[in-house]
Every structure is written in structure tokens, then in C-alpha cells.
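One letter stands for each residue in the lines below.
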Amino acid sequence: MKPIQAVFFDIGETLINEGEIYGRWADWLGVPRHTFLTKLGAVLATGGDYADLFAYFRPGFDLAVEEKKRAEAGMPNGFGPDDLYPDARACLSALRAQGLYVGVAGNQPAEAAEQFAALGLEADVVGISAVWGVEKPSQEFFARCAEHAGVPPAHVLYVGDRIDNDVRPALAHGMRVAFLRRGPWGHIQRDDGALRRCQFVLDDLASLPGLVAARNDGGG
């Protein structure tokens, strides 16, 4: 039996480059892009998240209200083909060619389901937190991934860029983990102990299919 039978991918900063997405939010708020991204790094370094970022530049910021305003203005929030990381498509295809179950599951609004489907990536399932009704870091989220794959958590590899939302909870659920060091969270968050428990620590997705194949051929 192969040690890794299913591979699940986070979405933001794992498959989708969110740099331009944050840039468009900066434009909408009337903040210089470099200033907006600099503050994002500072917020993450102190344990905050995107909600704190928006609130800093616009106190009382309501994401749902602003997304509706953007949509009405013809500048909807979301992602498209141009936001897909260049190594994502080939990685998913190569893993499926190995006979593995390939899934995508991340914390995203309901609209992301249609946006992701339009990308035409090879995946057996796409899990959107707003559609599933559960989000990371909940253990139920990771249990849902294993259930879709139909294999025990120990045979699932979860790939993500966040230590708090991806690495720690997936490990706690008994999954194997590949930490992807890219995007703001991937470069700012630190937990050497958690990373030592990961199967792989990556700088991109290009090498992942070969690493998974070698692990499955060698066992363990």
C-alpha cells in the first residue's frame, strides 16, 4: 500500500497567487499597493490576519458590504486564470497520473467554487469552506478531506502555506503535511518544531510529484 494515496491542496498562496488580489483591494481602498502589503506583513508578524489589515486602513470595514460594492462597480473580488501559480496545473496533473486522489480544499467564499471550476484544473474534488460549512483550522475540515478521498488520514498529504491553518491542524488530524514556503504567511510564520514533522518543506510545487513518487516507491 502506498504511504501517500491522496494529496489535498490549499488554495490561496498554494495554487492561487494572491498578490494581485491584495493589490486590487489596495486600489479600492485608495492605499498605495506597497504600503498595503507592507502593513500586511506587519500584521501577520504580530499574529493578526487580513481582517486586521482592512480595519487598519478603514475602521469598521465590512468585507461583505465592500465586496458587494466592488461587484456593483464592475470590480468583483476573486481570482482568475492569471492568478494561478505557473507550477500548479502541472503538479496536479502529474499527481493524478500517478494514480493518486487529488483534492483542493481551502477557506474561501462560496463564489470561489465557480471561479475555481473555471480554471479547469485536474482535481477529484474541490472543497470550499463556505460551501462545506466548516473551515480551517477545524478538525472537521480535515476529516472531510479524508472522507472524500476514502482513505485514512495517515495516507493523506495536505499541502499548504500556513503553519496555523494548514500545518498544525493537519498534523493534529494525523495527516502527512507538505509546507509550501511562499506568500506572506509562508515566509513570515515560524514554527521549527512543526516543520520538522512535515513530510516535505517546499519552495514551489514543481518538485512535489517527484518527492511523492519517491516516498511511495520507498515506503514509510
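Conventions and cut-offs
- Residues numbered from 1 in each chain as written.
- Predicted model: local features only at pLDDT ≥ 70, side-chain atom pairs only at ≥ 80, totals over all residues.
- Heavy atoms only, no water.
- Helix = DSSP H or I, 4+ residues; strand = E, 2+ residues; numbered from the N terminus.
- Buried < 20%, exposed > 50% of the residue type's maximum accessible area, 1.4 Å probe, protein only.
- Disulfide = S-S within 2.5 Å.
- Core = buried A, V, L, I, M, F, W, Y, C linked by side-chain atoms within 4.5 Å.

Draft legend 1. Highlighting unusual backbone geometry. Of the consecutive residues Lys136 and Pro137, the connecting peptide bond is found in the cis state with omega at 10 degrees. Summarising the element assignment, Pro137 is placed in the loop between α7 (129-132) and α8 (139-149). Positive phi values are uncommon outside glycine, yet Glu13 reaches one of about 65 degrees. Counting through the fold element by element, Glu13 comes out in the loop between β1 (6-9) and α1 (19-29). Relative accessible area serves as the criterion here: at 3%, Glu13 is assigned to the buried category.

Draft legend 2. Structural view of the state of the cysteines. Applying the stated criterion to the full structure yields zero disulfides. Here Cys198 stays free of any disulfide, with the sulfur of Cys91 as its closest cysteine sulfur at 16 Å.

Draft legend 3. Fine view of the nonpolar core. Counting 42 residues, the largest nonpolar core has Phe9, Phe36, Leu95, Leu157 and Leu208 as its most contacted members. It is α1 that contributes the most residues to this core, five residues altogether. By size, the runner-up hydrophobic cluster in this structure holds 25 residues, among which are Phe8, Trp132, Val156 and Cys198.

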